[in-house]
Structure formats: C-alpha cells, structure tokens
Amino acid sequence: MTLGEVRVTHPPTSSAVPPPGSGAPTAPVIPPQPGGDPGRSVAPPDRPAGPPCPPRRTAFAEGVDRLRAAATTEPGRLRTIGAVLALLVIAFGAVTAWQMTDRATAADDVLHKSQPLSSAAADVYRSLADANTAASSGFLAGGGETKETRDRYEQDIRTAATGLVTAAGNSDAGSPAARTIARLNRLLPEYKGLVERARTYNRQGFPVGGAYLRYANEKMQKEMLPAAEDLYQRENQRLNADYASARPYPWAAIALGVLTLAALAWAQHRHYRRTHRILNQGLVAATATATVALLWLVVGHGLARAALDDSYDHGVRSLSVLQDARIASLKARGNENLTLVSRGAQTVKADGRTYDAYDYDFGKDMEALGRGLAEAQRLADDRAGRQPVTAAVGNMTEWKKRHTTARTADEDGFYEQALDKVIGPKGATGECFDSVDANLAKSLTHEQGEFQQAAGDGLDAMTGLPVGAAVLALLGGAGAVLGIGRRLSEYR
C-alpha cells in the first residue's frame, strides 16, 4: 500500500446512492397510487401475451391420419379388402351356425319332446274316458262284472296317473299346465272313490249305487275331461310353436352368404383387371368354402323343411284327428251305458222334444266320430293308414244299427234284452265299440310311425350343418387373408 491510498474496511450502507455514471442498475421509482397502501410495494404490469400455441393432437387422431394416408395406396387398399372379405366370410358362417342351431334344436324338440308330450296328454284324456266307460260297463254287469272289464278300468287309471306324472315332470312350476295337472291329480282319487262306492252299493242291490255312478260320470265329464282336454291343447300349442321355430327359412344367413359371394367375386375381378392373373388361390379357396356352405344351408334346410311339413301334414294332423275320433267313440260308449244306468232319470229338451240326456249325448258323440273318421280317411296317404279307418267306419255303421235295436227294446220295457244287446257276449254294441277302438289304435300306431320317420328325416337333414358352416367359414376367412397377403408380398 502506498501513501495516500485509503482502504475501506466496511461495505457501504444500503442508503448510499451510487454516483451517476457508475453503471449500477437502479430500480424505477413508482409513485404511490391513490388509495393504496403506502407501505406496500406494487408489482410491475405483466407483459402482453403472445399468440396461443396450437393444441397437441391425440395419438388416435394421428393414427387415423396415418391409416387414411395408407388407404390411398394400393397396399392399404388391399389390406382393407382382405379384412372386409375375411369379416364377411366369418360373419356368414357365424349367422348360419346360429340360425341352424336354433332350428335343429326346435326340430329335436318336435321329435323327442313336444310331440311325445302331446301324445301323452292325449293318452291321459283317452285313459280317463275309457276308465269311465269301463266303470259304467262293470256297473251294468253288476255281480257278473268280468275280470277283463275290471282290469281294463284299473289299467286306464294307472295309465292316466303315469301320464300325469310325465306331464308334470316336463311342465314349468306355476304354469297353467302345472296347475291343470295338479287339479287332475286331486280329482282322480275322488273319482275312484265314487266309482268304488257305486260298485259296492250296486252289488248289494241298493239303487243309490246308480246315483253314485252318475255323480262320478258328472265329475268326469264336467271337470276331469275338460281339464285333460285343456292339458292336451296346451301341449299341442307347444308342438305348434316348435314347428314354427324349426320350419322358417334362414333368410339372414342366406342373404349374408349371397353378399359374401358377391364381394369375393368383385375382389377377384379387381385382381384380374390389375394383374391380368386369372386366379388367386386364396380367394378361390374362400369362394369355394362360402359356396359349399351356402349350398349346404339352402339344400339342407330345404330338405329338412319338406320333411317337417310332411311330418305335420301326414303325421301330426292325422294323429290329432284320430285321437279326437277315438275319444268321441269312448264318450259315445260311456253315454250308451249310462242311458241304461239312469233309465230316463235325466232328460233334455231339443227341437220341442224330450230325450234321455245320455242318449242325446250319444247321438252327438257318434256324429263327431263320423266326422273324425271321414277326415282321417281324407288325410290317410297310403293303404296301411286307410284300411283300418275304413274298417272303423263299417264298425260305426253297425254300432248305430245295434244301438237303435237296443233303444227300441228298452223303450218297449224289455230292459234285460236291451242290456244284452249293449253288454252281451255276442251281437252287442260292445263288439262294435271294441272294433272301432282297435282299428283306431292300429291307425294311430301307423301314423305315429310315419311322423317319427318324417320328423327324423328333417332333423337328420340339419345334422352337422351348424358346425360345418362354422368350420367352412374359418377356412374361407383364412383363404381370403392368405390370398390378399400373397398379393401384398409383391410390394415388399
């Protein structure tokens, strides 16, 4: 240090003001604002904002732009065409499998579920009507009731009970059919009790036995048979619903198959115009599989529909008519027996005349039987089905003649002669009734076999179609992808 130099050993205070021209920056002095806090500093105003930055695009939007740009090139177009073709082929197979699965399931229900249940319901009705007929026949015989008549009555009751158990096992809980079955299960033992009381009093020679039998018949005719008929009608409705599900054409699958073939043809035509190559193996394979699937669908379902129509026209309809005719004959026989049991205790007026109520119902039942046999003859399509119906018509005609003779004897006061002409061992109306019933049973067996054959053919025609269509669709979709892929390889 030299003389005259002065060392500053402490920093200047904050209040010191730098000399002008020293180059040190100074903060601008802001005058106090009116109404402001004099002790509070005021920040300088913000700078004006610049133009806004554009928002960043999403990855999805950028991906769409890249796809759009790629689609304008030939490889991009080929990829789109390949994807659409594969989607169409697979969709065609999926819709075909779906629709044919539904129809095959309905056809299987027709053959193995709804029609057998309809026949079982008809058997319940027939068994109840036949049991009522056997009960009245045994009552007329009194102490001479044969073991055959008694066994027939017991067998009919067992058959009806078994049919109700089968129907109950195939009905939904709480449904109208289930309630009808429960009602019949309750009425059946009541009816049996009334018949047993009538038989007991009749053997002891008490006239009250006839009253019990008439009461049992009334319970059967007004409560049990209408309930059994209601069950039969419901099972027929289920059968018709299954037919309605099995028979319609699969128009959605057919339309999609035609569209798929049109798209494949267009793609191959485009391929030919651009490359002058006639065939693309992958597209040809896809076209072949789609064609096979479509032909299988149309021909298979056409055959199945024809067979199901035949099973309905020459099976179900004939069975329904024959069952109605058989029930009419059973009701006629029961009313014929009860005419002799009541002996004019119940009458009805018609056309200004008074008739025995049971004999009047007998006439209506015979008219129903005649109409049923005429319709059954019309529906029979072969000699095996027509022959027993024709025999039943002859038996019915003879039955009417013998019944007229029996009624004349009864009205003339010859009750024993009338009884012998109704339940006697020879030349009685019972022989005619048995012949009518046996011929109708034979015809029912024949028509049931025809139904099973035709319905089975319809189901067989659809067997394998859903799975086959799915497999062909997968092969066709793979062929379309490979065919387009081979074309794309030329651009690499």
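Asker: Before we go on, may I ask you to explain the confidence of the model for the protein chain in this structure?
Answerer: Low-pLDDT stretches of the model should not have their predicted coordinates read in fine detail. The pLDDT averaged across the protein chain works out to 83; a share of 84% of its residues lies at or above 70. This stretch, residues 35-39, has a pLDDT under 50; its non-local contacts, to residues over four places away or in other chains, come to zero contacts.

Asker: It is not clear to me how a negative patch on the surface should be interpreted in this structure. Could you clarify?
Answerer: A cluster of acidic residues, Asp310, Asp381, Asp457 and Asp460, forms a negative patch on the protein surface. On the basis of relative accessible area, Asp460 is assigned to the exposed category, the value being 51%.

Asker: In this structure, what is going on with the pairing of strand S1 (residues 347-350)? I would like to understand it.
Answerer: Successive side chains on a regular strand alternate, one facing one side of the sheet and the next facing the other. The sheet contact formed by S1 and strand S2 (residues 353-356) spans four bridges and is antiparallel. Counterpart to Lys349 in the pairing with S2 is Thr354. In textbook terms, the turn of a hairpin is the stretch between consecutive antiparallel strands, and for S1 and S2 this stretch comprises two residues, one of which, Asp351, has a positive phi near 55 degrees.

Asker: Please clarify how the environment of Ser443 should be interpreted in this entry.
Answerer: Inspection of the secondary structure puts Ser443 in helix H11 (residues 429-462). On the basis of relative accessible area, Ser443 is assigned to the buried category, the value being 1%. In this structure, Ser443 is in contact with Leu322, Gly385, Pro388 and Val389, ignoring residues within four places of it in sequence.

Asker: How should I be thinking about the side chain of Asp356 in this particular structure?
Answerer: Considering the arrangement of structural elements, one finds Asp356 in strand S2. Buried within the structure, Asp356 lacks any salt-bridge partner; Arg407 is the closest side chain of opposite charge, at an N-O distance of 5.3 Å. Only 3.0 Å separates the side chain of Asp356 from the backbone nitrogen of Tyr358, close enough to count as a polar contact. Apart from residues lying up to four places away in sequence, Asp356 is in contact with Thr339, Ser342, Arg343, Gly344, Gln346, Thr347 and Val348.

The rules behind the values
Residues numbered from 1 in each chain as written. Predicted model: local features only at pLDDT ≥ 70, side-chain atom pairs only at ≥ 80, totals over all residues. Heavy atoms only, no water. pLDDT = per-residue confidence, 0-100. Contact = heavy atoms within 4.5 Å. Patch = residues over 30% accessible without salt bridge, like charges linked within 9 Å, V, L, I, M, F, W, Y side chains within 5 Å. Areas by Shrake-Rupley, 256 points an atom, 1.4 Å probe, with all protein chains shown as cover. Salt bridge = Lys/Arg side-chain N within 4 Å of Asp/Glu carboxyl O. Lys, Arg positive; Asp, Glu negative; His and termini not counted. Charge placed at Lys NZ, Arg CZ, Asp CG, Glu CD. Buried < 20%, exposed > 50% of the residue type's maximum accessible area, 1.4 Å probe, protein only. Pairing = 2+ DSSP bridges. Helix = DSSP H or I, 4+ residues; strand = E, 2+ residues; numbered from the N terminus. Polar contact = N/O pair within 3.5 Å; in protein donor to acceptor, adjacent residues only side chain to side chain.

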